[in-house]
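Below, each chain spelled out in residue letters.
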Amino acid sequence: MDWKNQLTKTPYLVLFIILGAVGVTTAYGLITITLAGDVIIEGDTQMERNLNVEGVITGQTLKDLESELNALKDAALFKDLVVGNNQDADVSILLGIGGGTFVVKPDVPAGNNLDAYVGDFNNDFKLDVVTTNNDNDDVSIFLGNGDGTFTAKPNVPVGSAVDLAIGDLNNDFKLDVVTANNLDNDISVLLGNGDGTFTTMPDVPLGSRVFSVAIGDLNNDNKLDVVVLKPNDDDLSILLGNGDGTFTENPDVLVGDDPYDLAIGDLNNDNKLDIVVTNSGDNDISVLLGNGDGTFTSQTDVPVGASPRNIAIGDLNNDFKLDVVVANAGDGDISVLLGNGDGTFTTMPDVPVGNNPIPVAIGDLDNDNIPDVVVGNFDDATLSVLLGNGDGTFTAKPDVLVGNNPRSVNIGHVG
C-alpha cells in the first residue's frame, strides 16, 4: 500500500500507548497506525520512562499525523536533550526522566567543529540528528532508532558550515536543510528525499561572511523563507522562498554591531513573523517587526548582558506573548525578556549559569506546562537546567555534564 500518498487524502487512525507503572524505571511504548483497516506502521520500544498514557488521534494529511502524534508524545514523554560538543566532535544524548533529570546515553561521534540539530528526516516519527562539520565541509546525518541510539547515513558535502536550519522548503512533506557556510559567503540548500538522504541544490551566494541562519514564512505565502546573518556587514539577508528550494532576495536589513545569532517568532501577535538578533558588539538585541511581505520595521534595541550569544523565543509565563532568553557569554548568565505583546519587553533579573554560556533552548522538560530553559556552558562542559516557575523566574537544577565545548542544545523526543 502506498500509504504516504493515501494519507494526504484519507482519514487515518493512530493508537499510541505507553505502558508503565509508578516506581518502575522501564516502560514499553507501542505505536500502531492503521489506514482503511490495514496496519501501516507498528513498532514498540523499551524506554527508560515512568509513564502510563494512551490516546487516539485522527487527521487528513501526513503533516496532520506528525503534528498530532508529536503533540501526544509531548503530553506523555519527558523531553530529551541533544547537545553538539564542539571540541569532542560528538553529540551527547540525554533522555529525560522527569524533574529536569536525565539518563545519559552513549555519545554519537560526528565531525569536527560541530553543531547538532534535530528533525524527522525519514518520516518515521522518530527524531533524527544532523550536525554541521565545519572542518570537514559536510553535514552528518544520524537516523533515530527511537531509543536514544542512531544509525549513521553517508555525510553530505556542503560549504564551511557553522550553522543550519531545518524546514520543508518545497512543501513535499519532507524536511530540508539550509547551512550557513562561513568562509564561502553562501548557503547550501539540501532538499530531503524522505529517507535521510538529500538532493543538493545550487549554493546561494550572499557576498559576505555568513554565521547564523533561520527559516520561517516571512510573507505569509505558505512557502518557507530563509534569513541569514552576516556579521561583517552588520545585517541580515532575506531570501523569500519560491516553493521549490530556490529563493528571491529581498533588501538586506541592518542590525547592530557584530551580530551573532537570530531567532524568528511573532512578537506582537499580528500573525506576521518578526526577528530578534543578538549584537555581541553592542550588548543588546535588535527587534525587527515583520510587515508581512519580507520587509521589517525596526524597534528600539533592547540592552542585555555582555557579549550576547545565542537567543531563544518562547512563552515563559503562559500569557500568549512571546518572550526572549539570551545567553550572555561575558557575564555567565542569561537575560530574560518578557514580551509585552507589541514588540517591547519587560526585563527580568539576570539568571546566573556557567562559564561562557553560548547555546540556549526553551522547552517543557518536566511536563508541568511551564516552559523551562537549558543553557550550554561552553567552558565548563556542562548544561544549566532551569525549571520555569511560570512567571519568568526559574529554579536551577544541578548542572549536567556533557562533552567539551557544548555549542548547541536541542529539546525533543529521541528515546
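Now for a description of the structure that goes with this document. (Residues numbered from 1 in each chain as written. Predicted model: local features only at pLDDT ≥ 70, side-chain atom pairs only at ≥ 80, totals over all residues. Heavy atoms only, no water.)

**Observations regarding the pairing of strand β21 (residues 259–265)**
Taking burial as the measure, the seven residues of β21 include six buried ones, the bulk of the element. Inspection of the sheet shows β21 paired to strand β22 (residues 274–279) by six bridges, in the antiparallel sense. In the sheet register, L262 faces β22, and the bridge partner there is V277. (Buried < 20%, exposed > 50% of the residue type's maximum accessible area, 1.4 Å probe, protein only. Helix = DSSP H or I, 4+ residues; strand = E, 2+ residues; numbered from the N terminus. Pairing = 2+ DSSP bridges.)

**Section: the sheet that holds strand β18 (residues 225–230)**
Where strands meet in a sheet, backbone hydrogen bonds hold them as pairs that are either parallel or antiparallel. Spatial ordering of the open sheet is given by β17-β18-β19-β20, a layout of four strands whose pairing is antiparallel. Edge positions in the sheet fall to β17 (212–216) and β20 (247–254), since each of these pairs with one other strand and no more. Averaged over all adjacent pairs, the angle separating strand axes in this sheet is 20°, with direction ignored. The pairing of β18 with strand β19 (residues 235–241) spans five bridges and is antiparallel. Directly across from K230, in β19, lies its bridge partner D235. (Axes fitted to C-alpha atoms, helices over the stretch in contact; angles between N-to-C directions.)

**Things to note about the sheet that holds strand β11 (residues 150–157)**
What the four strands build is an open sheet, ordered β8-β9-β10-β11; its pairing is antiparallel. Both outer strands of the open sheet, β8 (114–119) and β11, are each paired with one neighbouring strand and no more. Across this sheet, the average inter-strand angle for adjacent strands is 20°, counted without regard to direction. Pairing geometry for β8 and strand β9 (residues 128–133), over six bridges, is antiparallel.

**Some words on the pattern of salt bridges**
Per the counting criterion, the structure on display carries four salt bridges. R407 serves as the salt-bridge partner of D115, at 2.6 Å between the closest nitrogen and oxygen. Of this pair, D115 sits in strand β8 while R407 is found in strand β36 (residues 406–412), placing the two residues 292 residues apart along the sequence. Neither D115 nor R407 differs from the other in exposure class; each is buried. For K230, the salt bridge identified is with D235, shortest N-O distance 3.7 Å. Overlapping salt bridges, with partners in common, bring together K230, D233, D235 and D252 in one network. (Salt bridge = Lys/Arg side-chain N within 4 Å of Asp/Glu carboxyl O.)

**Concerning the packing of aromatic side chains**
According to the stated counting rule, one finds two aromatic pairs in the structure shown. Ring geometry for F121 versus F198: centroids 5.6 Å apart, planes at 70°, classification edge-to-face. Placement of the pair is F121 in the loop between β8 and β9 and F198 in strand β15 (residues 198–200), with a sequence separation of 77 residues. The exposure class assigned to F198 is buried, which follows from its relative accessible area of 13%. (Phe/Tyr/Trp six-rings, centres within 6.5 Å; stacked < 30°, edge-to-face > 60°.)

**Looking at the pairing of strand β23 (residues 284–290)**
By the criterion of burial, β23 is predominantly enclosed, with seven of the seven residues buried. Side-chain alternation along β23 places D284, S286, L288 and G290 on one buried face and I285, V287 and L289 on a second face that is also buried. Where β22 folds back onto β23 in an antiparallel hairpin, the turn is made up of four residues, including N283, whose phi is positive at roughly 55°. Where β23 meets strand β25 (residues 302–303), two bridges bridge the pair, whose relative direction is antiparallel. The residue bridging I285 from the neighbouring strand is V302, located in β25. One ladder, built from three bridges, connects β23 with strand β24 (residues 296–298); its direction is antiparallel. For L289, the partnering residue across the bridge sits in β24 and is T297. Where β23 hands over to β24, the hairpin turn is made up of five residues, of which G292 adopts a positive phi near 85°.

**Some words on a negative patch on the surface**
A grouping of D135, D137, D184 and D203 is seen on the molecular surface, where their side chains present a negatively charged patch. What makes D135 exposed here is its relative accessible area of 51%. (Patch = residues over 30% accessible without salt bridge, like charges linked within 9 Å, V, L, I, M, F, W, Y side chains within 5 Å. Areas by Shrake-Rupley, 256 points an atom, 1.4 Å probe, with all protein chains shown as cover. Lys, Arg positive; Asp, Glu negative; His and termini not counted. Charge placed at Lys NZ, Arg CZ, Asp CG, Glu CD.)

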